[in-house]
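As a plain string of letters, each chain reads:
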Amino acid sequence: MIDTHSIITPAIMYWGTPVTMITTENEEGTANIGPISSAWWLGHRCVLGLASMSQTTINLLRTHQCVINLPSDDMARYINPIAKTTGALDVPPVKQALGYEHCNDKFRLSGLTLRASDLVQPPRIAECPVQMEAELMSSLELMQDLLDRKGVLLAIEVKILRTHVRNDLRLAHHANRIDPDRWRPLIMSFQEFYGLAPAKVTESKLATINEDKYRVLTRSDVIKQGGDMDRVDSGEAACTN
Ligand SMILES: Cc1cc2nc3c(=O)[nH]c(=O)nc-3n(C[C@H](O)[C@H](O)[C@H](O)COP(=O)(O)O)c2cc1C
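Since the structure is predicted, the reported quantities are computational estimates derived from the model, not experimental observations.

J.: Tell me about the pairing of strand 11 (residues 130-141), and name the residues and values.
T.: Relative to strand 11, strand 6 (residues 65-70) runs antiparallel, the two sharing 6 bridges. The residue of strand 11 that forms the bridge with Gln65 is Glu135. Of the strand pairs in this sheet, strand 11 and strand 12 (residues 153-165) are connected by 11 bridges, and their pairing is antiparallel. Bridging across to strand 12, Glu133 finds its partner in Arg162.

J.: Would you mind going over the pairing of strand 4 (residues 39-42) in detail, with residue names and values included?
T.: Note that strand 4 and strand 5 (residues 45-51) share 4 bridges and pair antiparallel. Following the sheet pairing, Trp41 is matched in strand 5 by Cys46. Connecting the antiparallel pair strand 4 and strand 5 is a turn made up of 2 residues, with Gly43 showing a positive phi of about 60°.

J.: So what's going on with the environment of Asp73? Residues and values would help.
T.: Among the structural elements, Asp73 can be located in the loop between strand 6 and helix 2 (76-79). Accessibility expressed as a relative area gives 33% for Asp73, which makes it partly exposed. Among all residues touching Asp73, those that are not within four sequence positions of it are Arg184, Pro185, Leu186, Tyr194 and Gly195.

J.: If you had to explain the sheet that holds strand 13 (residues 187-189) to someone new, which residues and values would you point to?
T.: Ordered by their spatial adjacency, 3 strands build an open sheet running 1-13-14, and the pairing between neighbours is antiparallel. This sheet does not close on itself; its edge strands, each paired only once, are strand 1 (17-18) and strand 14 (192-194). The pairing of strand 13 with strand 14 spans 3 bridges and is classified as antiparallel. Note on strand 14: the bridge partner recorded for Ile187 is Tyr194.

J.: Lay out the site of the ligand with the relevant residues and their values.
T.: As a structural note, the neighbourhood of the ligand is formed by 20 residues, with Ser38, Thr56, Thr86, Gly87 and Lys106 the closest of them. Within the side chain of Thr86, a nitrogen or oxygen atom sits 2.6 Å from an oxygen atom of the ligand. At a separation of 2.7 Å, an oxygen atom of the ligand approaches a polar backbone atom of Gly87. Among the residues forming the shell around the ligand, the class breakdown is 8 nonpolar, 10 polar and 2 charged.

J.: Any chance you could break down the packing of aromatic side chains for me, citing the residues and the numbers?
T.: All told, the structure shown has 1 aromatic pair when counted by the stated rule. Between the NZ or CZ atom of Lys95 and the centre of the ring of Tyr100, over which it lies, the distance is 5.4 Å.

J.: Explain the pattern of salt bridges residue by residue, including any values.
T.: According to the stated counting rule, one finds 11 salt bridges in the structure shown. A salt bridge links Asp148 to Arg149; the nearest nitrogen and oxygen atoms lie 3.2 Å apart. A salt bridge links Asp228 to Arg231, with the nearest nitrogen and oxygen atoms 3.6 Å apart. Residue class for Asp228 comes out buried when judged on its relative accessible area of 19%.

J.: Kindly report on helix 1 (residues 55-63), identifying the contributing residues and their values.
T.: Residues of helix 1 that are buried include every one of Gln55, Thr56, Thr57, Asn59 and Leu60, and no others. His64 occupies a position one or two residues after helix 1 and carries a positive phi of about 65°.

J.: An account of the environment of Met188 is requested, with residue identities and associated values reported.
T.: With respect to the helices and strands, Met188 occurs in strand 13. Separated by 185 residues in the primary sequence, Met188 and Asp3 have C-alpha atoms spaced 29 Å apart. Among all residues touching Met188, those that are not within four sequence positions of it are Tyr14, Gly16, Thr17, Val19 and Ser37.

J.: Provide a residue-level description of the UniProt feature "domain: Flavin reductase like" (unreviewed entry) in the protein chain, including the pertinent values.
T.: Under the UniProt annotation, "domain: Flavin reductase like" (unreviewed entry) lies at residues 16-168. Helix makes up 15% of residues 16-168 and strand 42%, and the two end C-alpha atoms of the span are 25 Å apart.

Thresholds applied
- Residues numbered from 1 in each chain as written.
- Predicted model: local features only at pLDDT ≥ 70, side-chain atom pairs only at ≥ 80, totals over all residues.
- Heavy atoms only, no water.
- Pairing = 2+ DSSP bridges.
- Helix = DSSP H or I, 4+ residues; strand = E, 2+ residues; numbered from the N terminus.
- Buried < 20%, exposed > 50% of the residue type's maximum accessible area, 1.4 Å probe, protein only.
- Contact = heavy atoms within 4.5 Å.
- Near = heavy atom within 4 Å.
- Polar contact = N/O pair within 3.5 Å; in protein donor to acceptor, adjacent residues only side chain to side chain.
- Nonpolar A, V, L, I, M, F, W, Y, C, P; charged D, E, K, R; others polar.
- Phe/Tyr/Trp six-rings, centres within 6.5 Å; stacked < 30°, edge-to-face > 60°.
- Lys NZ or Arg CZ within 6 Å of the ring centre and 35° of its normal.
- Salt bridge = Lys/Arg side-chain N within 4 Å of Asp/Glu carboxyl O.
- UniProt positions renumbered as here; feature names shortened; annotations may be inferred.

In structure tokens, the structure reads:
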């Protein structure tokens, strides 16, 4: 039988995830942007995979606040100018070796526009169709089994307090839903940029589940959470516009 697979040892495991642009506040009160593609969501929690040396990480651990901005697949032109830059004044040797340079104003360098947030200090990125204001909940050091690498990477859990979406992405006749046919995330796969296929590849059995059934994961019966989750009883109840 012909062997259809080979064994390889890739240096990176970037199989394709949405690009996020994390805004945080620097110590002197200015804003930083960290382009990050290690991000996933369950309930209203997001887990970010971050290098501990990044200015984004330093700011997030100090202020406990960030905004997770999601660019669409036509926005790579804003990301390329700030790729291979860091808001950290001293560029760590590891990043120097990769060609990184310091940038103290990534909004200016990228051409992106600041927009004030409602609940957190870091600004949103006006051009991003999705902007999630978030608060730090916990962080976990990765590679704890390796004495010399422990904590170089962190998994950081944040709680989404408020979600802003561009109106054209909303599913018609629903207060709190996204139309996935319209949302075109920018995907990073093995350092290159892609978009999604233009339409659904097939029908989805999972999509027969009513989205509101997942709200059990966004609520607490005993704790007030501080963001918009507390105000939403059912998906349709929170329609304000
Ligand atoms: C498309 C893209 C995706 C990236 N994904 C990640 C990531 O998931 N985690 C990470 O730590 N760095 C990631 N980086 C690298 C960071 O952007 C880089 O460390 C940067 O210096 C962070 O900026 P800061 O030091 O100002 O926070 C990515 C960069 C780009 C351009």
